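Each chain, written out:
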Amino acid sequence: MHDRMASIPTTELSQFASDVLTGLSAKPKYLSSKYFYDDEGSRLFQEIMKLPEYYLTGCEMEIFTSQASDIHDALANGDGRFDLIELGAGDGTKTAVLIDHFLARKADITYSPIDISQEALDALTATFTARFPDLRMDARQGDYFKILRSLREMSSRRKVLLFLGSNIGNFDREQAVSFFRSLREAMSNDDLLLIGFDLQKDPHVIAAAYDDGEGVTAKFNLNLLTRINRELGGDFDADKFLHYANYRPNEGSARSFLISREDQAVTIDAVGKSFDFKQWEPVFMEISQKYSMEMIGSLARDSGFEIKQNFFDSRKYYCDSLWRVA
Ligand code: AVI
C-alpha cells in the first residue's frame, strides 16, 4: 500500500481470482482497489500524484517541507535516537524530505522501508544510499505485521511508524480500526505512529481529484480490467466501461465505479465463469475516505491510541496525525 496499497505478486494469483469471483458475483458488484497496483497501475498512480487536481501529495509535501523541525522534535521525544519504519514506502520521495532534515539535525536514525514490491524497495534503496550515504537502511519486503514483530525483536530502540499518503482512506472504518489495532499490538508503549489523513473540504475540490480532466484516474481504474484479462484470462473490453466518481459530503467519502455502457457478458477463464452486466450497471472500485478531526480522534481512541500532535498544511486540506499508544 500505499502507499499506496500493496501490489499482489503472482504467488497470490488464486487469492486475486477468488476475490474477483466474490466481487463480480456480489450484488451490487465490486472489485478491490488493492489490485490496482500492477506495474502499469503503479505507473499511472505516479502520474495521478503529479496531476494539478490531485492535491493530496502536494499537501503532505508542504507539511514535511515547512514543518520538518517540529516533526523531528515530536518524533525524537527528547533524544534523537529512533527507528523510522515506513509501511508501503513506494518511492519514498516525501520521506526523503524528513530524512534530509533529521540527518542535518544529527538524529541517530535507522530507516526501514517496508513494501510488498521488491522492485520498489530496490529502487528506493539505490536512490537513498546515493543521496544519504550515512543513513543506516534496513529495507524489508513482505507482510507489515510480521516484519514489525521481527524488527521489535532485533532492537529495543523506539520505533516511529509512518503510514503516509492517505492510504488509510482506502479502508472502510472497520478495516481501518482492525489495521490500527494490529499495529498497536506490534508496538511498544514508547513507539509512535504518524498517519496521513486527507481532510473534508470543498466537495468540488475532492470530486475533481478523483475525476481529472486528462482522464488518468479513469485509466487507473480501467487498468484493473486489463489486469484481469492478462492474469486471469478475462475478456473485458475496457471501452465498454466508463469511469464514474462521486463524493458524498455527509459521509466524507469519495467513491469510484466502472459503469457498463451496455448489456454485456464477460468471461474469466481462471474462475471458470461468465458474468452478465446490465447497461449502466456499476462496479464499485474504490473508497477514498476524507476525515473530520472528530473522525480522526475517534479512530485513534477506538484503536487504542491517543493523538500526540497534528500537523496541517496551510489550507488545512490534509493532516499528518502523530499518535502514541494510549
Ligand atoms: C492510494 N490512495 C491513497 C489513492 C487515493 O487518493 O485514494 C488512490 C487513488 N485513487 C484514485 N486516485 C488516487
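What counts and what doesn't
All residue numbers here refer to positions counted from 1 along the written sequence of the relevant chain. Since the coordinates come from a predicted model, pLDDT governs what is reported: local features require at least 70, and pairs of side-chain atoms require 80 or more to be given and counted, while whole-chain, interface and lining totals use all residues. With hydrogens and water set aside, each side-chain value is computed from the structure's full complement of heavy atoms. Only a single heavy atom is needed: when it lies within 4 Å of a molecule or strand, its residue is near that molecule or strand. What qualifies as a polar contact is a pair of N or O atoms within 3.5 Å, subject to a donor-acceptor requirement within protein and to the restriction that residues adjacent in sequence count only when both atoms come from side chains. For accessible areas, the Shrake-Rupley method is used with a probe of radius 1.4 Å. Any residue's cover is judged against the shown protein chains and nothing else. Here a strand is any run of E in DSSP of at least two residues, a helix any run of H or I of at least four, and the numbering for each starts at the N terminus. Burial here depends on accessible area, computed with a 1.4 Å probe over protein chains only, as a share of the maximum for the residue type. Under 20% is buried, over 50% is exposed, and the range in between is partly exposed. Contact definition: two residues touch when any of their heavy atoms are within 4.5 Å.

With respect to the site of the ligand
So, step 1. Close to the ligand lie 13 residues, the nearest being Tyr-54, Asn-170, Tyr-210, Glu-286 and Ser-288.
So, step 2. In this structure, Asn-170 approaches the ligand through a side-chain N or O atom, which is 2.8 Å from a nitrogen atom.
So, step 3. Between the ligand and the protein, one listed contact pairs an oxygen atom with a side-chain N or O atom of Tyr-210 at 2.6 Å.
So, step 4. Against a free-state accessible area of 340 Å², the protein chains account for coverage of 99% of the ligand.
So, step 5. Mapped onto the shell around the ligand, the elements with two or more residues apiece are α2 (39-49), α9 (216-232) and β12 (282-289).

What about the environment of His-243?
So, step 1. Note on placement: His-243 falls in strand β8 (residues 241-248).
So, step 2. Classification of His-243 by relative accessible area gives buried; the value is 13%.
So, step 3. Residues in contact with His-243, not counting those within four places in the same chain, are Tyr-210, Asp-211, Thr-217, Ala-218, Asn-221, Ser-256, Phe-257 and Leu-258.
So, step 4. A polar contact is formed between the side chain of His-243 and the backbone oxygen of Tyr-210, at a distance of 3.0 Å.

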